[in-house]
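Read off the chains here:
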Amino acid sequence: MPQHRKETIEDYQTRILKVLVHIQTHLDELPQRDELASIACMSPFHFHRIFTSFVGEPLHQYIKRLRLERAAKWLSNGSDSITDIALRTGYETPAAFGKAFKQHFQTTPSHFREQQLSYQYENINFSLRVRKELTMTPSIQTLPEQRVMFVRKTGSYQDSSPQAWQALFGFLAKKNVPLQSVEMFGISHDTPSVTEPDKLRYDACVPAADDFKGEGEVGVQTIDGGTFAVFLHKGSYQKLNETYNNIFSVWLPQSQKELRDEPCFEKYLNSLFTVPSEDDLQTEIYVPIKS
């Protein structure tokens, strides 16, 4: 009996992960419960309760939060009007969008944008004063899409990242997958200044075989291809956020590039079987841009 229960939980994890991947790749739409229940191969009658128990918040609230947090990123990094952002987020009027935004973030969209612009200005001045470097020079690369297996953990990135990798490596070891040369990618879906720490989503990813369909907490998703600005971060993973801050508040405003509505991802270049000093760690940061 205990073994049967374990297999049932793993099966439900696999199904819910498929739903989460579908939601994040169709966020411009408003998926219906029956459609998502069908993806999860679950009864529509019970799907909502199962989703809430696994994800930690109701389906409608989860989708609404992701759409509002994406709108907050648009306010921070783009020049679109609040009216345009309201319509793209699925609200019929700026007033309805403003009410929902203020309810979630405790501030208006216009004030939120002003705060972010002020932060960017201060960060540019900080770079001028301390680092004396306003130019970050990425390589521009065009990549094909990449199918990956992944483990998702939520929480502060400092905690969720090692938890996700530990779970994924444990799964690979059980499957006798050689780890010596496996490529390692990380996706930090959320912005810490926008999303609450306990809801930050981190995916530890490695390339997936064509026939892998997901198993337990190990799901499958596709990292979209396209054009990327690729930055090399050297040093501690704990300082990755500093590099991200420079990319978005220093490089991006000066680059005249436009972002695509997809998450950045990281590629960890150091071998899993070497333990260099933190100064020797190298990480590529892939920022999706419009070509």
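Details of the structure are given in the entry above.
Residue numbers restart at each chain and count upward from 1, following the sequence in its written direction. Two thresholds apply to this predicted model, a pLDDT of at least 70 for residue-level local features and 80 or more for giving and counting side-chain atom pairs, whereas whole-chain, interface and lining totals are computed over all residues. With hydrogens and water set aside, each side-chain value is computed from the structure's full complement of heavy atoms.

Moving on to the overall build of the protein. Counting its secondary structure elements, the protein contains nine helices and eight strands. Both definitions apply: the radius of gyration is a C-alpha atom measure, and the globule rule equals 2.2 Å times residues to the power 0.38. Relative to the compact-globule value of 19 Å for 291 residues, the protein shows a C-alpha radius of gyration of 20 Å, a close match. Projected onto its principal axes, the C-alpha coordinates of the protein cover approximately 65 × 50 × 30 Å. Buried means the residue's accessible area, taken with a 1.4 Å probe over protein chains only, is under 20% of the maximum for its type, while exposed means over 50%, and partly exposed covers the values in between. Taken over 291 residues, the protein has a buried fraction of 43%. Here the Shrake-Rupley method, with its probe set to 1.4 Å, supplies the accessible areas, and only the displayed protein chains count as covering residues. Within the structure as shown, the protein displays about 16,200 Å² of accessible surface, and the carbon and sulfur contribution to it stands at 51%. Note on conventions: DSSP H or I runs of at least 4 residues are helices, E runs of at least 2 residues are strands, and numbering of each starts at the N terminus.

Moving on to helix α4 (residues 59-77). For a helix, the expected span equals 1.5 Å multiplied by the residue count minus one. Here α4 contains 19 residues, and its C-alpha end-to-end distance of 27 Å stays within 8% of the 27 Å for a straight helix at 1.5 Å per residue. In terms of burial, α4 is a largely internal element, 14 of the 19 residues being buried.

Before going further, it helps to spend a moment on the pattern of salt bridges. For this document, the term salt bridge refers to a Lys or Arg side-chain nitrogen within 4 Å of an Asp or Glu carboxyl oxygen. As enumerated under the stated definition, the model contains 16 salt bridges in all. Taking the shortest distance from any N to any O, the salt bridge between Asp34 and Arg33 comes out at 3.6 Å. Taking the relative accessible area as the measure of exposure, Asp34 reaches 46% and is therefore partly exposed. Classification of Arg33 by relative accessible area gives partly exposed; the value is 41%. In this structure, the salt-bridge partner of Glu69 is Arg65, at a minimum N-O distance of 3.3 Å.

Let us look at unusual backbone geometry. A positive phi angle is found at Gln106, which is not glycine, with a value near 60 degrees. Overall, the relative accessible area of 61% leaves Gln106 in the exposed class.

Right, let's talk about the sheet that holds strand β1 (residues 139-143) for a bit. One open sheet holds the eight strands; their spatial order is β1-β6-β8-β7-β3-β4-β2-β5, and the pairing between them is antiparallel. This sheet does not close on itself; its edge strands, each paired only once, are β1 and β5 (218-223). On average, each strand axis in the sheet is inclined to that of its neighbour by 35 degrees, with strand direction left out of account. Packed onto the sheet, helix α9 (residues 240-255) meets β6 (226-234), β7 (265-268) and β8 (282-288) and runs at close to 35 degrees relative to β8. Pairing between two strands requires that DSSP report at least two bridges joining them. Angular values range over 0 to 180 degrees, each being the angle between N-to-C directions of two axes fitted as lines to C-alpha atoms, with helices fitted over their stretch in contact. When checking whether two residues touch, look at their non-hydrogen atoms; a contact exists if any pair is within 4.5 Å.

What follows concerns the packing of α4 against helix α6 (residues 94-105). Where α4 meets α6, the closest approach of the two axes is 11 Å, and the angle between their N-to-C directions is 100 degrees. Taken as axis vectors, α4 and α6 run roughly perpendicular relative to one another. Of α6, the residues touching α4 (which contributes Lys64, Arg65, Leu68, Glu69, Ala71, Ala72 and Leu75) are Phe97, Ala100, Phe101, Gln103, His104 and Phe105. Any residue that is not Ala, Val, Leu, Ile, Met, Phe, Trp, Tyr, Cys, Pro, Asp, Glu, Lys or Arg is counted as polar, Gly included; the first ten are nonpolar and the last four charged. The class makeup of the residues in the contact of α4 with α6 is eight nonpolar, two polar and three charged. Any angle that is under 35 degrees is reported as roughly parallel, and any over 145 degrees as roughly antiparallel; angles of 65 to 115 degrees are reported as roughly perpendicular and all others as oblique.

So, on to the side chain of Glu266. In this structure, Glu266 sits in strand β7. Distance and chemistry together define a polar contact, namely a pair of N or O atoms within 3.5 Å, with one atom able to donate a hydrogen and the other to accept it when in protein, and with adjacent residues in sequence counting only for side-chain atoms on both sides. Within polar-contact distance, the side chain of Glu266 engages the side chain of Tyr244 at 2.8 Å.

The residue Leu30 is located in the loop between α1 (2-25) and α2 (33-39) in this model. For the pair Leu30 and Pro144, spaced 114 residues apart in sequence, the C-alpha to C-alpha distance is 28 Å. In this view, Leu30 contacts Ile63 and Arg67; residues no more than four positions away in its chain are not counted.

Note that strand β2 (residues 146-154) and β5 share six bridges and pair antiparallel. Residue Phe150 lies in a different strand from β5, and its bridge partner there is Gly219. One ladder, built from seven bridges, connects β2 with strand β4 (residues 201-207); its direction is antiparallel. When the bridges of β4 are listed, Phe150 appears paired with Cys205.

Pairing of aromatic rings covers Phe, Tyr and the six-membered ring of Trp, with a centre-to-centre limit of 6.5 Å; geometry is then stacked below 30 degrees between planes, edge-to-face above 60, and tilted otherwise. The full count for this structure, using the stated rule, is 19 aromatic pairs. Site record: aromatic cluster; members linked through ring pairs are Tyr91, Phe97, Phe101, Phe105 and Phe112. We count a charge as sitting over a ring when the NZ of a lysine or the CZ of an arginine lies within 6 Å of the ring centre and within 35 degrees of the ring normal. Sitting over the face of the ring of Phe228, Arg260 holds its NZ or CZ atom 4.9 Å from the ring centroid.

Here is the key point about a regular strand: its side chains alternate between the two faces of the sheet. Taken across its five residues, strand β3 (residues 184-188) has four buried, putting it largely inside the fold. By the bridge criterion, three bridges tie β3 to β7 in an arrangement that is antiparallel. Within β7, the position partnered with Phe185 by the bridge is Lys267. Pairing analysis gives four bridges linking β3 to β4, with the strands arranged antiparallel. Paired with Ile187 across the strands is Asp203, a residue of β4.

Function cannot be inferred from these measures alone, as they are strictly geometric.
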